[in-house]
Amino acid sequence: MKSTGKQRDPEQTRDNLLKAATHLIRSRGLARATTREIAREAGCAEGTLYKHFATKDDLFLAVLLESFPRFETALELTNKEPISIAENLSQIAMAAIRFFEKVLPTGVALLADATLLARHRKRLRRKDTGPRHLYEAVAKHIASAQDLGRINPALDPLAAAPVILGPCFQWVLTRMINGSAPLKLTDEQFSRQLAATLLQGFAPQPGAR
């Protein structure tokens with residue numbers, strides 16, 4: 001992340017600082033990720049950091065709101081043939097696992113700082129963002145599959161979304177805490193088994209309209 005040029009692109013410098021902060025928060029924890037270490041990781045002076053972020057908390061809040069991947073981007077899937085609905089649900093589960101792997105380390109660290117957590121929640125409300133978009137992204141795929149007659153049309157897509165997201169969240173969180181997955185399964189195996197289990201309830205009933 002070190003810069004070799006004399007002239008710095010302000011946007012690139014800011015991006016480098018966000019990446020450095022994200023890396024150090026995940027590897028060392030929120031409290032131990034100092035501005036000096038972050039600046040060094042980003043290849044700039046500590047004073048440069050404060051040209052982009054007024055305080056350390058402002059930098060951490062920017063990490064939470066800007067550095068995480070968009071879940072909608074991870075869900076660039078299709079409900080059309082030749083992908084089966086089982087494979088489609090499995091891919092959604094895998095996308096959720098990969099997403100939670102990236103966001104949970106920083107999210108869990110945030111819980112240890114009540115002041116920062118309160119500011120984060122306020123920002124989420126002001127920017128109209130947050131976990132709701134995860135549910136809506138999955139619900140959109142479920143609704144598309146319903147339109148194709150591949151999922152029970154009686155299901156509420158928004159109510160079905162957490163049935164997929166919840167197990168994936170728990171799978172990643174348990175692995176983070178214990179250092180290993182709760183079951184002797186790979187992520188791919190878990191996703192396929194989750195999809196197969198859900199389909200027993202998601203499948204349209206014969207003769208149903």
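Residues numbered from 1 in each chain as written. Predicted model: local features only at pLDDT ≥ 70, side-chain atom pairs only at ≥ 80, totals over all residues. Heavy atoms only, no water.

1. Considerations on empty space enclosed by the protein
Which entries qualify depends on this criterion: Grid points spaced at 1 Å over the protein atoms alone were grouped into cavities, where a 1.4 Å probe fits but cannot get out, and pockets, open sets with protein on both sides within 12 Å along at least five of seven lines, with lining residues defined by an atom within 4 Å of a point. Grid points are joined across faces, edges and corners, and a volume is the space filled by probe spheres set on the points. The secondary structure listing takes helices from DSSP runs of H or I that are at least 4 residues long and strands from runs of E that are at least 2 residues long, numbered from the N terminus.
Tallied over the full model, the rule gives 1 cavity of 30 Å³ or more. Each pocket or cavity is described by its volume, and for the largest cavity that value is around 30 Å³. Along the walls of the largest cavity sit Ile-25, Leu-30, Phe-60, Leu-64, Thr-106, Ala-109, Leu-110 and Leu-116, which together make up its complete lining. For the lining of the largest cavity, the element with the most residues is helix 6 (residues 85-110), which contributes 3 residues.

2. With respect to helix 7 (residues 114-127)
Inclusion rule: Multiplying one less than the number of residues by 1.5 Å gives the expected span of a helix. Under the scheme applied here, a residue whose accessible area is under 20% of the maximum for its type counts as buried, over 50% as exposed, and between as partly exposed, the area being computed with a 1.4 Å probe on protein chains only. Think of the arc as the fan of directions from the helix axis to the C-beta atoms. Pairing of N or O atoms within 3.5 Å defines a polar contact, subject to two protein rules: one partner must be a possible hydrogen donor and the other a possible acceptor, and residues neighboring in sequence count only if both atoms are side-chain atoms.
Here helix 7 spans 20 Å end to end across 14 residues, near enough to the 20 Å set by a 1.5 Å rise per residue. When helix 7 is considered as a whole, its buried residues turn out to be Leu-116, Leu-117, His-120, Arg-123 and Leu-124. With its buried residues spanning 120 degrees around the axis, helix 7 presents them on a single face. Away from its buried face, by an angle of more than 90 degrees, helix 7 presents the exposed residues Ala-114, Thr-115, Lys-122, Arg-125 and Arg-126. Two or three places before Thr-115, at the opening of helix 7, Asp-113 has a side-chain oxygen 3.2 Å from that residue's backbone nitrogen. Backbone geometry just downstream of helix 7 places Asp-128 in the positive-phi region, at approximately 50 degrees.

3. Topic: the side chain of Asn-152
Mapping Asn-152 onto the fold places it in the loop between helix 8 (132-147) and helix 9 (157-178). For Asn-152, a relative accessible area of 13% translates into the label buried. A polar side-chain atom of Asn-152 sits 2.9 Å from the main-chain amide nitrogen of Ala-154.

4. Regarding the pattern of salt bridges
Operational definition: For this document, the term salt bridge refers to a Lys or Arg side-chain nitrogen within 4 Å of an Asp or Glu carboxyl oxygen.
As enumerated under the stated definition, the model contains 11 salt bridges in all. When the shortest N-O distance is used, the salt bridge between Glu-37 and Arg-28 registers 3.4 Å. Residue classification places Arg-28 among the partly exposed residues on the basis of a relative accessible area of 40%. Ionic pairing is found between Arg-98 and Glu-188, a salt bridge with its closest N-O pair at 3.8 Å. Placement of the pair is Arg-98 in helix 6 and Glu-188 in helix 10 (residues 187-202), with a sequence separation of 90 residues. Given the relative accessible area of 30%, Arg-98 is considered partly exposed. Given the relative accessible area of 37%, Glu-188 is considered partly exposed. The network of salt bridges with shared partners includes Arg-98, Glu-101, Arg-175, Asp-187 and Glu-188.

5. A few points about the packing of aromatic side chains
Basically, it comes down to this: Any pair of Phe, Tyr and Trp rings, taking the six-membered ring for Trp, is counted once the centres come within 6.5 Å. Such a pair is stacked with planes under 30 degrees apart, edge-to-face with planes over 60 apart, and tilted for the rest.
Throughout the structure, instances matching the rule amount to 3 aromatic pairs. Seen from their ring centres, Phe-99 and Phe-100 are 5.9 Å apart, and the 65 degrees between their planes marks the pair as edge-to-face. The exposure class of Phe-99 is buried, given its relative accessible area of 9%. On the basis of relative accessibility, which here comes to 7%, the residue Phe-100 falls in the buried class.

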